[in-house]
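Okay, here's what each chain looks like letter by letter:
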Amino acid sequence: MSAATAPTSPNLATQPLITHRPYGIEHPYATSPDQRIPVLPLLGQVTRLGVQAVPSVTHVTCEWARQKADVCMTTSLDLAPAQTSAAAAAALAGGEGHLAEAQTASVGGSGGWSVDSPPMEPGVHYRYRFHAFTGAGAMHDADGDMNGPEQSTDWFDLAPARWTSEQAGKLTGLDQRLVPGSVTWLVSDLGVHRVRFALRLGDGDHVVGFGERFDRVDQRGHRLDAVVFEQYKAQGAHGRTYLPMPFAHVISGTGDSWGIHIRTSRRTWYDVGATDPTQLVVEADLGASSPGCLDVGIYNGNPNRVLTAFLDEVGRAKELPSWVFRLWASGNEWNTQDLVMKRMGSHRDLDIPVGAVVIEAWSDEEGIVIFRDAQYAVNEDGAAHLAADFTYPAEGAWPDPKTMIDELHARGIKVILWQIPLQKTDPELTGQVLADAHAMVHDGHAVLEADGTAYRNRGWWFPQALMPDLSVQRTRDWWVDKRRYLVKDLDVDGFKTDGGEHAWGHDLRYADGRRGDEGNNLFPVHYARAFGDLLRSEGKAPVTFSRAGFTGSQAHGIFWAGDEDSTWEAFSNTITAGLTAASCGIVYWGWDLAGFSGPVPEAELYLRAAAASTFMPIMQYHSEFNHHQRPLRDRTPWYVAETTGDDRVVPVFKRFAELRERLVGYLAEQAEVAVKTDRPLMRPMFFDHVDDSAVWEHPAQFMLGDDLLINPVTRPGADTWDTYLPQGRWVDVWRGTEHVGGRSVTRQVPLDVVPVYCRADQWPIRATIFD
């Protein structure tokens with residue numbers, strides 16, 4: 001979405017005095033100073049009209065025109081400097097960290113001017129434009145007569161909207177749960193913008209799903225939406241997620257459970273009994289279509305049957321090799337071959353098993369294609385390089401990547417390289433990254449704005465970068481072929497497909513024919529698919545490690561819970577994220593154990609998180625970039641021990657890592673079961689005990705596969721921990737003692753113990769894991 005300006009003199013063409021974008025930057029949860037608020041006002045509402053102005057502007061007016069029938073009336077509205085709330089902007093960020101300041105700045109800024117329009121009237125069409133005046137060109141001359149503006153924008157049209165119960169579109173797929181008279185449509189002269197309807201909720205119903213959710217398992221009594229978004233930390237506090245889905249289970253203890261899937265990739269909103277406890281109200285964006293159309297899937301049955309029906313439509317996970325269940329090690333500041341080998345050497349020296357290393361800082365954070373310091377000839381046409389095209393200086397950061405990878409493989413360690421789906425275009429850039437940026441635009445591989453120019457990232461991470469249009473095979477091939485040598489010749493085992501939340505704008509243009517409103521949420525699905533296809537094409541398993549996704553992501557690799565602080569609250573919220581993601585069909589999931597951001601966690605938090613992660617699908621530690629300042633923020637167990645002064649850390653962590661090695665066979669077996677039966681690997685208790693109301697009082701407990709019940713210790717200072725055991729017989733895996741289910745049991749929880757109970761009939765074959 002380009003800012004519309006109409007400069008009155010050529011010398012202002014490249015430096016507009018004022019800009020106005022009706023939709024602003026289209027941050028899903030914040031406004032920008034240059035936009036209209038609300039973008040689509042209802043009849044009777046006023047709308048705030050904003051512009052961004054350069055410092056030399058001293059006055060701004062809005063020429064406001066109302067057209068009713070054949071009569072047009074024009075009014076002049078004076079704008080006033082807008083007050084920017086630093087506190088409101090800061091509230092959008094997740095706290096301290098290298099991206100927090102950038103996230104805050106993306107929605108702040110000075111130079112805003114605004115004015116409120118008159119209330120919207122029925123039968124009226126509105127147009128408006130803005131005029132800017134500077135100190136050198138004041139509004140009035142010496143005689144008090146009006147001077148012309150220094151600059152005027154284009155005209156903007158505005159058609160107010162209204163909600164109506166008159167049928168304005170087609171709503172299909174609903175059943176007797178639809179509340180009569182609840183269907184309404186948001187319409188304007190431009191088309192049908194949204195539809196809203198309500199479904200009945202029964203007493204005692206629980207509503208779970210909507211993708212990966214950090215705030216709670218049961219959303220009954222709350223409001224939320226489904227849009228892919230990069231919330232840097234504090235996702236639970238803000239109620240936002242990288243991985244939403246317009247799908248949920250409605251679990252009833254009376255046997256009338258069901259599920260709902262809003263079959264759209266556009267944004268949706270949900271009022272889950274918050275306004276009316278008896279209703280689930282759904283609102284869906286329709287993209288100003290005419291007529292508006294929305295299809296809804298209703299699935300009846302227990303949670304397993306509901307999930308199977310959903311996955312039959314959208315795709316399900318593919319089985320991955322067993323090595324993904326070993327410990328993963330990572331640190332963003334491991335930015336040289338020497339550092340990576342030293343960290344893996346410490347694992348060997350301390351005899352702490354490790355199965356994969358994720359190398360984030362291997363490239364230059366510009367093109368993410370070439371090892372930093374590599375020497376090569378630039379392919380000016382943006383063509384892919386071969387491995388033989390590169391040489392690596394002995395004094396460089398990565399003197400011999402192939403030998404490094406071979407050595408790690410010889411030690412049984414797989415190698416994952418970091419990626420982001422953006423192409424930097426900073427003016428000072430040179431080399432291949434600049435050639436690739438030119439090729440992306442020239443050869444038609446970039447996501448486009450509505451005016452046909454290349455979209456530039458409006459978010460805070462890699463701002464102004466180009467984004468490849470991965471909606472079509474042509475660009476997916478072009479993008480990953482540049483990285484093919486990493487797999488084919490260097491033998492890399494997978495990719496951390498980070499990011500994917502960078503598409504902001506309802507009117508972006510994708511090569512598959514979609515606009516931004518329906519294509520943006522699908523971008524991370526295409527992204528993971530592209531790298532999975534690359535790995536498959538070279539005979540590798542499609543091991544991608546993503547944080548962002550949407551409906552359809554189930555079929556594409558592994559997911560982790562994204563950026564989070566090292567706090568007890570974040571620990572608890574992340575367990576919730578894993579359970580809700582699993583409820584929507586995500587099989588392979590993990591998190592940065594004990595958080596990756598902020599100071600090194602205390603020993604108790606680190607070891608409690610390690611204990612819990614031992615019994616999650618993916619076990620990984622990771623640390624955030626901190627400008628290589630001292631003290632370091634590595635999350636390696638030996639560095640946590642050194643920083644905290646707690647000599648228990650290394651031996652306890654080692655025991656958990658060794659236990660994890662013994663769990664690999666069980667995890668691989670149960671992942672195969674999950675893929676074949678749609679029973680989640682990390683399984684919320686309600687899946688197996690739908691008519692046991694007591695499981696809802698213990699939302700952090702879960703089943704790992706069919707046989708193991710896990711209850712992480714998520715509170716500091718705990719000496720004992722209560723666990724609810726459903727009906728049946730259960731064995732405490734640490735003591736070998738048997739318990740009768742249907743009640744809670746309490747046990748001591750020293751730092752090296754997480755409550756785990758095995759189904760008694762399976763204990764004879766599982767006991768050796770815990771020897």
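Residues numbered from 1 in each chain as written. Predicted model: local features only at pLDDT ≥ 70, side-chain atom pairs only at ≥ 80, totals over all residues. Heavy atoms only, no water.

> Residues and numbers for the overall build of the protein, please.
Each helix and strand counted, the protein has 16 helices and 38 strands in total. Here the C-alpha radius of gyration of the protein, 28 Å, is about what a compact globule of 771 residues would show, namely 28 Å. Evaluated residue by residue, the protein yields a buried proportion of 61% over its 771 residues. Pairs at least 24 apart in sequence give 72% of the contacts found in the protein among residues at least 6 apart. Of the charged side chains in the protein, 69 are positive and 100 negative, and the gap between their average positions amounts to 4 Å. (Helix = DSSP H or I, 4+ residues; strand = E, 2+ residues; numbered from the N terminus. Rg over C-alpha atoms; globule rule 2.2 N^0.38 Å. Buried < 20%, exposed > 50% of the residue type's maximum accessible area, 1.4 Å probe, protein only. Contact = heavy atoms within 4.5 Å. Lys, Arg positive; Asp, Glu negative; His and termini not counted. Charge placed at Lys NZ, Arg CZ, Asp CG, Glu CD.)

> Pulling in residues and values, what's your account of the packing of helix 14 (residues 637-644) against helix 15 (residues 649-677)?
Where helix 14 contacts helix 15, the two axes come as close as 8 Å, and the packing angle between them is 155°. Classified by the angle between their axes, helix 14 and helix 15 sit roughly antiparallel to one another. By crossing handedness, the relation of helix 14 to helix 15 is classed as right-handed. Between helix 14, through Pro 637, Trp 638, Val 640, Ala 641 and Thr 644, and helix 15, the contact on the second element is made entirely by Val 649, Val 650 and Phe 653. Its residues placed into classes, the contact of helix 14 with helix 15 shows 7 nonpolar, 1 polar and no charged. (Axes fitted to C-alpha atoms, helices over the stretch in contact; angles between N-to-C directions. Parallel < 35°, antiparallel > 145°, perpendicular 65-115°, else oblique. Left-handed = near helix turned anticlockwise from the far one by under 90°. Nonpolar A, V, L, I, M, F, W, Y, C, P; charged D, E, K, R; others polar.)

> Could you give an account of the packing of aromatic side chains, naming the residues involved and the relevant values?
Tallied over the entire structure, the rule returns 35 aromatic pairs. Summarising the aromatic geometry, the rings of Phe 371 and Trp 398 are spaced 5.6 Å apart at their centres and angled 65° between planes, so their arrangement reads as edge-to-face. Separated by 27 residues along the polypeptide, Phe 371 in the loop between strand 24 (356-359) and helix 6 (401-410) and Trp 398 in the loop between strand 24 and helix 6 bring together distant segments of the chain. Here the two residues Phe 371 and Trp 398 agree in accessibility, since each one is buried. Judged by centre distance (5.6 Å) and plane angle (85°), the ring pair of Trp 734 and Phe 770 falls under edge-to-face. Residue Trp 734 is located in the loop between strand 35 (729-732) and strand 36 (738-740), and its partner Phe 770 is located in the segment after helix 16 (763-766); the two are separated by 36 residues in the primary sequence. These aromatic residues form a ring-pair network of at least three members: Trp 362, Phe 371, Tyr 376, Phe 390, Tyr 392, Trp 398 and Tyr 485. Residue placement shows Arg 483 over the ring face of Trp 479; its charged tip is 4.2 Å from the ring centre. Above the plane of the ring of Trp 560 lies Lys 496, whose end atom (NZ or CZ) is 4.4 Å from the centre. (Phe/Tyr/Trp six-rings, centres within 6.5 Å; stacked < 30°, edge-to-face > 60°. Lys NZ or Arg CZ within 6 Å of the ring centre and 35° of its normal.)

> Describe the confidence of the model for the protein, listing the residues and the values that go with them.
Confidence in the prediction for the protein averages 94 pLDDT; 93% of positions are at 70 or higher. Looking across the protein, the model is least confident in strand 1 (residues 6-7), with a mean pLDDT of 32, and most confident in strand 33 (residues 708-710), with 99. Within the model, pLDDT remains below 50 along residues 1-13, and this stretch shows 36 contacts once partners closer than five positions in the same chain are excluded. (pLDDT = per-residue confidence, 0-100.)

> Could you give an account of the pairing of strand 4 (residues 48-53), with specific residues and numbers?
Bridge analysis of strand 2 (residues 18-19) against strand 4 gives 2 bridges, and the strand direction is antiparallel. Bridging across to strand 4, Ile 18 finds its partner in Ala 53. Strand direction decides the pairing type here: strand 3 (residues 36-37) and strand 4, joined by 2 bridges, are antiparallel. By the bridge assignment for strand 4, Arg 36 is matched with Leu 49. Strand direction decides the pairing type here: strand 4 and strand 8 (residues 112-116), joined by 5 bridges, are antiparallel. (Pairing = 2+ DSSP bridges.)

> So what's going on with the sheet that holds strand 22 (residues 292-300)? Which residues, and what values?
Backbone-to-backbone hydrogen bonds pair the strands of a sheet. The strands run either parallel or antiparallel. Here 5 strands make up an open sheet; going across it, the order is 13-22-19-18-16 and the pairing mixed. The sheet terminates laterally at strand 13 (169-172) and strand 16 (206-211), the two strands that pair on one side only. Each strand of the sheet is rotated relative to its neighbour by a mean of 15°, with strand direction disregarded. Inspection of the sheet shows strand 13 paired to strand 22 by 4 bridges, in the parallel sense. When the bridges of strand 22 are listed, Gly 169 appears paired with Gly 292. Contacts from helix 4 (residues 303-314) reach strand 18 (244-251), strand 19 (258-262) and strand 22 within the one sheet, and its direction differs from that of strand 18 by about 155°. Running at roughly 90° to strand 16, helix 12 (residues 568-583) makes contact with strand 16 and strand 18 of the sheet.

> Could you give an account of the sheet that holds strand 35, with specific residues and numbers?
Read across the open sheet, the 6 strands follow the order 31-32-33-38-35-36; overall the sheet is antiparallel. Where the open sheet ends on each side, the last strands, each with one partner, are strand 31 (682-684) and strand 36. Averaged over all pairs of adjacent strands, the angle between strand axes in this sheet comes to 35°, irrespective of strand direction. Across 3 bridges, strand 31 lies against strand 32 (residues 702-704) in antiparallel orientation. Within strand 32, the residue paired with Met 682 across the bridge is Leu 704. Here helix 12 sits on the sheet in contact with strand 31 and strand 32, set at roughly 90° to strand 31.

> I'd like a description of the nonpolar core, backed by residues and values.
For soluble globular proteins, nonpolar side chains are generally found buried alongside one another. Within the largest apolar cluster, 169 residues are counted, with the highest numbers of intra-cluster contacts made by Val 324, Trp 328, Trp 589, Leu 593 and Phe 653. In terms of residue count, helix 15 provides more of this core than any other element does, 14 residues in total. The residues touching Trp 328, leaving out its near neighbours within four places in the chain, are Trp 323, Ala 356, Val 358, Ile 416, Val 543, Phe 545, Ile 558, Ile 618, Met 619, Gln 620 and Tyr 621. Listed in part, the 26 residues of the second largest apolar core include Phe 197, Leu 199, Phe 210 and Ile 262. (Core = buried A, V, L, I, M, F, W, Y, C linked by side-chain atoms within 4.5 Å.)

> I'd like a description of the pattern of salt bridges, backed by residues and values.
Any two side chains of opposite charge can pair if their charged atoms end up close together. One pass over the full model with this rule turns up 52 salt bridges. Among the ionic pairs, Glu 449 bridges to Arg 458, the shortest N-O distance being 3.0 Å. Note on Glu 449: relative accessible area 8%, which makes it buried. A relative accessible area of 10% means that Arg 458 is categorised as buried. In this structure, Asp 688 and Arg 759 form a salt bridge, with 3.8 Å as the shortest nitrogen-oxygen distance. Separated by 71 residues along the polypeptide, Asp 688 in the loop between strand 31 and strand 32 and Arg 759 in strand 38 (residues 756-759) bring together distant segments of the chain. Each member of the salt-bridge network shares a partner with another, and the members are Glu 230, Asp 498, Glu 501, Arg 547 and Asp 563. (Salt bridge = Lys/Arg side-chain N within 4 Å of Asp/Glu carboxyl O.)

> Tell me what's going on with the side chain of Glu 604, and back it up with residues and numbers.
Residue placement: Glu 604 occurs in helix 13 (residues 603-614). The side chain of Glu 604 sits in the buried core without any salt bridge; Arg 608 is the nearest counter-charge, 4.5 Å away. Looking at Glu 604, its side chain comes within polar contact range of the main-chain nitrogen of Gly 717, at 2.6 Å. If near-sequence neighbours (up to four positions away) are discounted, Glu 604 is found in contact with Trp 568, Arg 715, Pro 716, Gly 717, Ala 718 and Leu 751. (Polar contact = N/O pair within 3.5 Å; in protein donor to acceptor, adjacent residues only side chain to side chain.)

> Could you give an account of helix 13, with specific residues and numbers?
When the terminal C-alpha atoms of helix 13 are compared, their 16 Å separation across 12 residues agrees well with the 16 Å that a helix rising 1.5 Å per residue should span. Every buried residue of helix 13 is accounted for by Ala 603, Glu 604, Leu 605, Tyr 606, Leu 607, Arg 608, Ala 609, Ala 610, Ala 611, Ala 612, Ser 613 and Thr 614. Looking at the buried residues of helix 13, the elements they touch are helix 12, strand 29 (589-592), strand 30 (618-621), helix 14 and helix 15. (Expected span 1.5 Å × (residues − 1).)

> Describe helix 11 (residues 523-537), and please don't skip the residues or the numbers.
With 15 residues, helix 11 extends 21 Å between its outermost C-alpha atoms, agreeing within 8% with the 21 Å of an ideal straight helix rising 1.5 Å per residue. With 11 of 15 residues buried, helix 11 is to be regarded as a mostly interior element. The elements touched by buried residues of helix 11 are strand 25 (414-419), helix 8 (473-481), helix 9 (484-488), strand 26 (494-497), helix 10 (516-519) and strand 27 (545-546).

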